[in-house]
Amino acid sequence: MKKRTVRNLLVILLMCAGGRAAGQDKILIPMDLSQTDHLKAYGIAYMALSRGLEIDWLLNYRGGSFMLDAHDFIATECLVRGVLFVRESASGAATIYADVQREDNNMDVVRLEKAPRVAVYVPPGFQPWDDAVTLALDYAEIKYDKLWDDEVLEGKLANYDWLHLHHEDFTGQYGKFYASFAGAAWYQAQVAQLEQEARKLGFKKVSELKKAVARAIARYVAAGGFMFAMCSATDTFDIALAAENTDICDAMYDGDPPDPDFQKKLDFSKTLAFTGFTVEKNPLRYEYSDIDEPPSDMLGAQNPETDYFTLFEFSAKFDPVPTMLTQNHVNVIKGFMGQTTGFKKSLIKTSVTILAEKQGTDEVRYLHGNFGRGTFTFYGGHDPEDYQHAVGNPPTDLSLHKNSPGYRLILNNILFPAARKKQQKT
Amino acid sequence: MCNGGPSIQYSKVRKRDLAIKKPRCGGDGCSLRIRVLILAILAGPALSQPVLSQTPDRDSKFRLAQGLEQAGEYERAAPLYEGLLQGDPGNIVLLDAVERMWMQLKRYDQAIGLLRTRLLRAPSDVNLHAQLGSVLYRAGREKEADAEWEAAIASGPSNPGTYRLVAAVLAENRLLDHAADIYRRGRKATGDPDLFTLELAQLLSSTMNYGGATGEYLRWLAKNPGQISFVQSRLSQITGRPEAREAAEGVIRGALADQPDLPLLQLLGWLAMEGKNYEEALNVYVKIDALAGARGNELYQFANHASGDRAFAVAARAYQAAINVPVAAGVMPFARFGYATSVLELQAEADTFASPLRGTPATEAVPLYGGAVRLFQKIIEDYPGTEFSARSWYRIGVMQREKFQDREGAVTSLRHVIDEAGAVPSLRVQTELMMGKVHVARGDTAKAEAYFREVEAAREALPDDHDESVYLLAEIDYFAGRFDSAMQRLARITVNLKADYANDALRLAAFLQENAAAAPEALGKFAGAEFLARQGKNTEAIAVLLAIIQSFPQAPLVDDALMKVGELQTSAGFFREAAASYERLLAEFRDKSTELDRAEFALGEVYQYGLRDPVRAQAAFERLLADHPKSILADRARQRIRQLRGESL
């Protein structure tokens, strides 16, 4: 009896230490295998933040669960969106907090305070393929704005906390689709549109415009922004930054040959994640550089049955950022291809944190790093639930993949900027 | 010849230049390699002979340089070509090769020097001027580049090839607007306004000048009026974009302002259809039909297209127009049947009496659908004994059964189909199924059974039709209390779980299995109530069901009876009573019934559509989600809540 009293006292003390009011019933949104719709659960968290509520992200507790004050509208919204939740009494919640904050558990509580303002860098009009992040945001019902080159160059990124780069080619080679799609109407329209945009914004070449956009985005990150990129937006972003003072595009892309010495002129000090890479010289090869691992022309050898990657486990109390980004209900995730599927480990800067890799290979699938005052996350592959998404394929219906671990990684990134920064223990 | 005389070499280069300066080949790595190959083939004998004949070493060097160039090793190929050129400074192939390497290596100043030197020897060489302009432009010396291109044009101002060559070089440098201007100048200078139409059209499309591109295609069509399919295929590359389509339509309308023109009208009609602008398309097809002297056939074809796209209003007008022309006698029954069908669809769209809870009352349906019925009757009169009259009878029979509740009329109409449609087996099977259902609704299960057995035995029946007939026969057994026979029939359908009727069969089989042993008397009465309901005798059916609830409170089917009461009250429009029945079910059978989620959903629907009480409707759907989160109806309930909240789904 005495032992229990002491324990309860400890719980109350812990709650007070965490700044939480005792006596308030809570809603727990478990994110383990019991959750009915993991993706919409992020939308609930975002909605609560948008309405001024604070949320506790219980890192590593039941798959990275959310706890927030009990409100009927939250419960109703969970019902309407099909998200599993549990009402916890004040004492039940206190027990959970105490469990999470125990020193011998690899768990911790991160307070989420403010809904991030989200922007997606996306071309006007429709592309013939789709984008996993906008699919995830739409499905989770998280609001976002669309930005394009002119808005980026006008400095409008400053209005946003989080930026996602659409499946984009920052090298100005139009996705390197020339060999397969030079005669396709959508390709020609895309080239015409980008050339017009470049001329309008005062650039002689599309590649010069894209490099300027990449630099503007890098400045946004350096000033404290959060950037998330998938597929080819990852490696082409770094290639564009490295190639600031040289021309890597062949004549079919920008009207003149590349600089024969472009490889020597790459400046890796400008890049975010990669260093020492070799840019692909063949303008007809569907590959930008040797960063992509496995290379696009070797993807046929991949077996979807055996293609899995593993999330690293981090110390929740000492490394909260990578822990947030890797919250999931499983730690082995089904692989998926893209124009850029993974990143060669040997070309990743030592300052970058590797979050997930394909074990036994040189393939990194998910990484995170700091750049100036901001951070960036790169995620290889195109669509976590469509192993080999091809041009013209229909978009993935996420209502059929409500518990997708691959899509969860995308949505971890959205909430990550909402976390209150606290002093690092190390 | 061995020294490679300038005049011969010059003629070879001009030929080569014209061959490789086409837009698709110009300037990229691919074309570069092709260019090297063409050079090797065309100029090989002429060039390599002197090299070969003089020293094997020079020949090896040349081939090595070519190999390196093809491999993209320009830095290694360049000194080899340069060395060869030093030994043979007038060799045009080597001059070209060295220039190519310097361009690839961006050694623009050296390339400029080389080209200027060559121009001293051939000051009116159009190709050299154009190439020099290209190098100057890439070196950032844009004014000088322009001057060179002007010089190129000045070298042959009346030759169309001059303009083509200069425009191709400009396009290579992505100076597309400038290239288009050069083509236009070429037209003016040569006095031929039809020159370069396809080149200009392609260029203007690439610069998103869709109106301009369309203008060029029209110019081309005017000279080649039989090539409308070609023009459509070219235009289809841009018509996916609404702004491009609008621009193209504007240009064509402008061209048509002067005088009507059949190919232009066909193009305009096609564009309107591409944009799903059926109203506009119909206006165009009226003109096409008249101008082509098609006697309504163009209108009829268009109507079929519009009907296939479910644009029934426009389709009906087009069919009517074709009939009025009149269309050829062979096409007339098709047009009239198409018209009647479109009118029927339009009347269904205009039926505001129907709701998700109950159909349109017969008193409203008769005037609403009367127009379509008269059209079908007229077809029957004018084309007796044909497939058109049989199909018209079928349509009328379906309306009589489903909309007018006129079972006797339906029997008469459907009888005509069976008598007349011997040549159309599929229609006959459908009619027999329909006839059986009508007889069930009339309470005549013997006649119904006979029709269903016809389908069961019919070779021409599709598997789904066959399953349906077996299911309907099982229902007749069930209504008659022959539960074992019903179960046997149902077992035949449930063998294939992918069959359309498998779910219905499983549901009825489970119900029979649960109640046949536990409450056979109650089950018999329940089946009787269902049979009454099938005949539209809702009040009597409700009375029987309420009596079951009272007399057999322990029967497994008692909650089903209450559920059925709610459904019948809903379809009779007694929404308050229906809501009370569902509430009673939810209150009295909580924890006991498997019908609770269905009852909660039905209650929500009654509040939403019957009683028009969105607050209570939303509460009912929310209750379903809270009580039965894994229900098969949960997703639909979520949709309804969002609908009630005014959110887009």
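Computed from a predicted structure; not experimentally measured. (Residues numbered from 1 in each chain as written. Chains lettered and ligands numbered in written order. Predicted model: local features only at pLDDT ≥ 70, side-chain atom pairs only at ≥ 80, totals over all residues.)

Visitor: How should the overall build of chain A be read in this particular structure?
Guide: Along the backbone of chain A there are 14 helices and 15 strands. Its C-alpha radius of gyration of 23 Å places chain A within 12% of the 22 Å reference for a compact globule of 426 residues. Taking the principal axes of the C-alpha coordinates as reference, chain A spans close to 80 × 40 × 40 Å. Looking at chain A as a whole, 51% of its 426 residues qualify as buried. (Helix = DSSP H or I, 4+ residues; strand = E, 2+ residues; numbered from the N terminus. Rg over C-alpha atoms; globule rule 2.2 N^0.38 Å. Buried ≥ 20, exposed ≤ 12 C-beta atoms within 10 Å, placed from the backbone.)

Visitor: So what exactly am I meant to see when it comes to the overall build of chain B here?
Guide: Helix and strand counts for chain B come out as 34 helices and 0 strands. For 649 residues, the compact-globule estimate of 2.2 N^0.38 gives 26 Å, and the C-alpha radius of gyration of chain B, at 40 Å, exceeds that figure by more than 25%. Each of the 649 residues in chain B was classed as buried or not, and the buried ones make up 45%. Within chain B, contacts between residues separated by at least 24 positions form 48% of all contacts whose residues are at least 6 apart in sequence. (Contact = placed C-beta atoms within 7 Å.)

Visitor: Would you explain the nonpolar core in this entry?
Guide: Note that soluble globular proteins tend to have their nonpolar side chains buried in a common cluster. In this structure, Ala 136 and Leu 163 of chain A together with Val 166 and Ala 318 of chain B are the most contacted members of the largest nonpolar core, which totals 309 residues. Sequence-distant contacts of Ala 318 of chain B, defined by excluding residues within four places in its chain, comprise Leu 282, Tyr 285, Leu 299, Phe 302, Ala 303 and Ala 306 of chain B. (Core = buried A, V, L, I, M, F, W, Y, C linked by C-beta atoms within 7 Å.)

Visitor: I'm lost on the pairing of strand β1 (residues 26-29) of chain A in this one. Help?
Guide: Both faces of the sheet carry side chains from a regular strand, because those side chains alternate between them. All names here are of chain A. Burial of the side chains of β1 extends over both faces: Lys 26 and Leu 28 are buried on one face and Ile 27 and Ile 29 on the other. As defined by bridge partners, β1 adjoins strand β4 (residues 86-88) across 3 bridges and the pair is classed as antiparallel. Across the sheet, residue Ile 27 finds its bridge partner in β4, namely Arg 87. Across 4 bridges, β1 lies against strand β3 (residues 65-69) in antiparallel orientation. Across the sheet, Lys 26 pairs through a bridge with Asp 69, a residue of β3. (Pairing = 2+ DSSP bridges.)

Visitor: What exactly am I supposed to notice about unusual backbone geometry here?
Guide: Across residues other than glycine, the phi torsion is negative in most instances, and most of the peptide bonds are trans. Here the residue pair Glu 293 of chain A and Pro 294 of chain A is connected by a cis peptide bond, since its omega of 0 degrees sits within 30 degrees of zero. In this fold, Pro 294 of chain A is placed in the loop between α12 (262-265) and β10 (308-311). The omega torsion of the bond from Val 325 of chain B to Pro 326 of chain B falls at -5 degrees, within 30 degrees of zero and hence cis. Positioned with a positive phi, Lys 106 of chain B is a non-glycine residue whose angle comes to about 55 degrees. Positive phi values are uncommon outside glycine, yet Arg 174 of chain B reaches one of about 60 degrees. By the secondary structure assignment, Arg 174 of chain B is in the loop between α9 (160-172) and α10 (176-190). Using a count of 24 C-beta atoms within 10 Å as the deciding quantity, one classes Arg 174 of chain B as buried.

Visitor: Quick question: what am I supposed to make of the interface of chain A and chain B here?
Guide: Taken residue by residue, the interface counts 22 residues in chain A and 28 residues in chain B. Elements that contribute at least two residues to the side of chain A that touches chain B include exactly α3 (72-81), α8 (185-200) and α11 (251-254) of chain A.

Visitor: What should I look at first to understand the domain arrangement of chain A in this one?
Guide: It is common to give the size of an interface as the accessible area lost on bringing the parts into contact. Residues and elements named next belong to chain A. According to the domain assignment, chain A contains domain 1 (2-112) and domain 2 (118-302 + 337-395). The distance between the C-alpha centroids of domain 1 and domain 2 comes to 37 Å. Across the side of domain 1 that touches domain 2, the residue classes break down as 3 nonpolar, 1 polar and 1 charged. (Domains from an automatic or database assignment. Nonpolar A, V, L, I, M, F, W, Y, C, P; charged D, E, K, R; others polar.)

Visitor: Help me out: how do you make sense of the confidence of the model for chain B in this one?
Guide: Detailed reading of the predicted model is not advised wherever pLDDT is low. Residues and elements named next belong to chain B. Counting all residues, the mean pLDDT for chain B is 88, and 91% of those residues have values of 70 or more. Here residues 1-53 scores under 50 on pLDDT; set against residues more than four positions off or in separate chains, the count is 68 contacts. We note a pTM of 0.79 for the whole complex and an ipTM of 0.77 for its interfaces. (pLDDT = per-residue confidence, 0-100.)

Visitor: It is not clear to me how the environment of Glu 381 of chain B should be interpreted in this structure. Could you clarify?
Guide: Residues and elements named next belong to chain B. Its place among the elements puts Glu 381 in helix α20 (residues 362-382). C-beta crowding within 10 Å serves as the criterion here: with 10 such atoms nearby, Glu 381 is assigned to the exposed category. Sequence separation of Glu 381 and Met 332 is 49 residues, and the distance between their C-alpha atoms is 14 Å.

Visitor: Which parts of the structure should I look at to understand the pairing of strand β5 (residues 108-112) of chain A?
Guide: All names here are of chain A. Taking burial as the measure, the 5 residues of β5 include 4 buried ones, the bulk of the element. As defined by bridge partners, strand β2 (residues 55-59) adjoins β5 across 5 bridges and the pair is classed as antiparallel. For Leu 58, the partnering residue across the bridge sits in β5 and is Val 109.

Visitor: Honestly, helix α5 (residues 132-140) of chain A in this entry has me stumped. Any pointers?
Guide: Each α-helix turn comprises 3.6 residues. Residues three or four places apart therefore point the same way. Residue and element names in this part refer to chain A. Of all 9 residues that make up α5, 7 are buried, and the element is covered over most of its length. Within the span of α5, buried status applies to Ala 132, Val 133, Leu 135, Ala 136, Leu 137, Tyr 139 and Ala 140. Summarising the contacts, the buried residues of α5 are in contact with α2 (38-50), β6 (118-121), β8 (162-165), β9 (226-230) and α14 (405-415).

Visitor: Is there a simple way to explain the confidence of the model for chain A in this structure?
Guide: A residue-level look at chain A finds 91% of positions with pLDDT of 70 or above and a mean pLDDT of 89. Predicted confidence for residues 1-22 of chain A stays below pLDDT 50, and this span has 16 contacts to residues more than four positions away or in other chains.

Visitor: Help me understand the environment of Leu 415 of chain A in this model?
Guide: All names here are of chain A. Mapped onto the elements, Leu 415 comes out in helix α14. Spatially, the C-alpha atom of Leu 415 lies 28 Å from that of Lys 270, the residues being 145 residues apart in sequence. For Leu 415, the residues in contact, after removing those within four places along its chain, are Tyr 42, Ala 45, Trp 57 and Leu 112.

Visitor: Quick question: what am I supposed to make of the sheet that holds β5 of chain A here?
Guide: Strand pairs in the sheet, formed through backbone hydrogen bonds, run parallel or antiparallel to each other. Residues and elements named next belong to chain A. Spatial ordering of the open sheet is given by β4-β1-β3-β2-β5, a layout of 5 strands whose pairing is antiparallel. Either end of the sheet is taken by a strand with one partner, and the two such strands are β4 and β5. Each neighbouring strand pair of the sheet contributes to a mean axis angle of 30 degrees, computed without reference to strand direction. (Axes fitted to C-alpha atoms, helices over the stretch in contact; angles between N-to-C directions.)

Visitor: Just checking my understanding: could you explain the environment of Ala 272 of chain B for this structure?
Guide: Residues and elements named next belong to chain B. Along the polypeptide, Ala 272 turns up in helix α15 (residues 262-274). Note on Ala 272: 21 C-beta atoms within 10 Å, which makes it buried. Residues contacting Ala 272, with those up to four places away along its chain left out, are Asn 277, Glu 280, Ala 281 and Val 284.

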